[in-house]
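# Fold and geometry: a report
As a plain string of letters, each chain reads:
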Amino acid sequence: MSSQSSSTDRIREKKKLFLDREQRIINAALELFLSEGIDRVTVAKIAAAVGIGKGTVYKHFLTKNEILIRIMLDYEHNITDCLAAGIAKAQNGDSGAAAKGYFEARLARPELDRLVQHLEVRLTDAEDIASQFEQLHKLRRSNEDSLNGLMSELIDRGVLEDVPPHFHYLACWALAQGAVELAFNKSWNYRTDSTELMEFISNIGVTMGNRGQYHSSGSDKTDSN
């Protein structure tokens, strides 16, 4: 083995270790934020949970805000990946696959979805992570463009109601949003069947907006007049 290839291997291994440690920081921070709340978790506490020094955390993230926005971006990337897989299946005949992927991504861990929503409100005007927020918005705009194309295609094929394409994916957003709120509503969160309930809501969402659910009822009303 040449000295050059040996040096390349060492650099590659060092980079892998760096990225692995960075992910451990994010994983530990996420669980702490979920269990203790955002304000009670310090960088020192995150470092202790990972088993590293506080200074080592700062080699990866300059501020606590950078850790928070990374959690948001990771979450949005997961939604994007689930949507992309669902859109591909929908284009091959499984019309509800995109909606299913979206609901599964958001409702798998309602507590994580709710945390990300709180983080967005908290961090919107944070100047130190403005560029990362722009990445988040670009991801969402890209997803919206893809969904517009898919919804238009499904409308043309007669699968979905003939309404503006964004009606369909915003209805999915509203249902998912309501499901997350339901999971934490004090009147209902005593229930022990929350996982099954989220699955039930997801299944409803998959067929929501199918052709015949909206315009036919409107026609009936017109006929009765």
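Residues numbered from 1 in each chain as written. Predicted model: local features only at pLDDT ≥ 70, side-chain atom pairs only at ≥ 80, totals over all residues. Heavy atoms only, no water.

## Overview of the confidence of the model for the protein chain
Using the following cut-off: The predictor rates its confidence in each residue with pLDDT, a number between 0 and 100. Two residues qualify as a contact provided that any one of their heavy atoms is within 4.5 Å of a heavy atom in the partner residue.
Residues of the protein chain with pLDDT of at least 70 account for 93%, and the chain-wide mean is 91. Low confidence marks residues 217-225, where pLDDT is under 50. Its contacts with residues over four positions away, or in another chain, come to 0 contacts.

## A look at the side chain of Arg-70
Short version of the rule: Helix and strand assignments come from DSSP, with helices taken as H or I runs of at least 4 residues and strands as E runs of at least 2, each series counted from the N terminus. Throughout, exposure labels follow a simple rule: accessible area from a 1.4 Å probe, protein chains only, divided by the maximum for the residue type, with under 20% read as buried, over 50% as exposed, and the rest as partly exposed. Within 3.5 Å is the distance limit for a polar contact, defined as a pair of N or O atoms, with the added protein rule that one can donate a hydrogen and the other accept it, and that residues adjacent in sequence qualify only through two side-chain atoms.
By the secondary structure assignment, Arg-70 is in helix 4 (residues 64-91). Taking relative accessible area as the criterion, Arg-70 reaches 18% and is therefore assigned buried. A polar contact is formed between the side chain of Arg-70 and the side chain of Glu-22, at a distance of 2.9 Å. Among the polar contacts listed, one links the side chain of Arg-70 to the side chain of Gln-23, at a separation of 3.2 Å. In this view, Arg-70 contacts Glu-22, Gln-23, Ile-26 and Phe-61; residues no more than four positions away in its chain are not counted.

## Overview of the nonpolar core
Note the cut-off: For the purposes of this section, nonpolar cores are sets of buried Ala, Val, Leu, Ile, Met, Phe, Trp, Tyr and Cys residues that join through side-chain atoms within 4.5 Å.
Core analysis: the largest hydrophobic core is formed by 56 residues, its most contacted members being Phe-33, Ile-46, Ile-67, Met-72 and Leu-119. Breaking this core down by element, the ones donating at least two residues are helix 1 (3-36), helix 2 (43-50), helix 4, helix 5 (97-107), helix 6 (110-123), helix 7 (130-156), helix 8 (165-184) and helix 9 (194-207). In terms of residue count, helix 4 provides more of this core than any other element does, 11 residues in total. Apart from the residues lying within four places of it in its own chain, the contact partners of Met-72 are Val-116, Leu-119, Glu-120, Leu-123, Phe-133 and Leu-136.

## Details of the state of the cysteines
What counts, and what does not: The disulfide definition used here is simple: a pair of cysteine sulfur atoms within 2.5 Å.
Enumeration according to the criterion identifies 0 disulfides in this entry. There is no disulfide at Cys-82, and the cysteine sulfur nearest it, in Cys-172, is 14 Å away.

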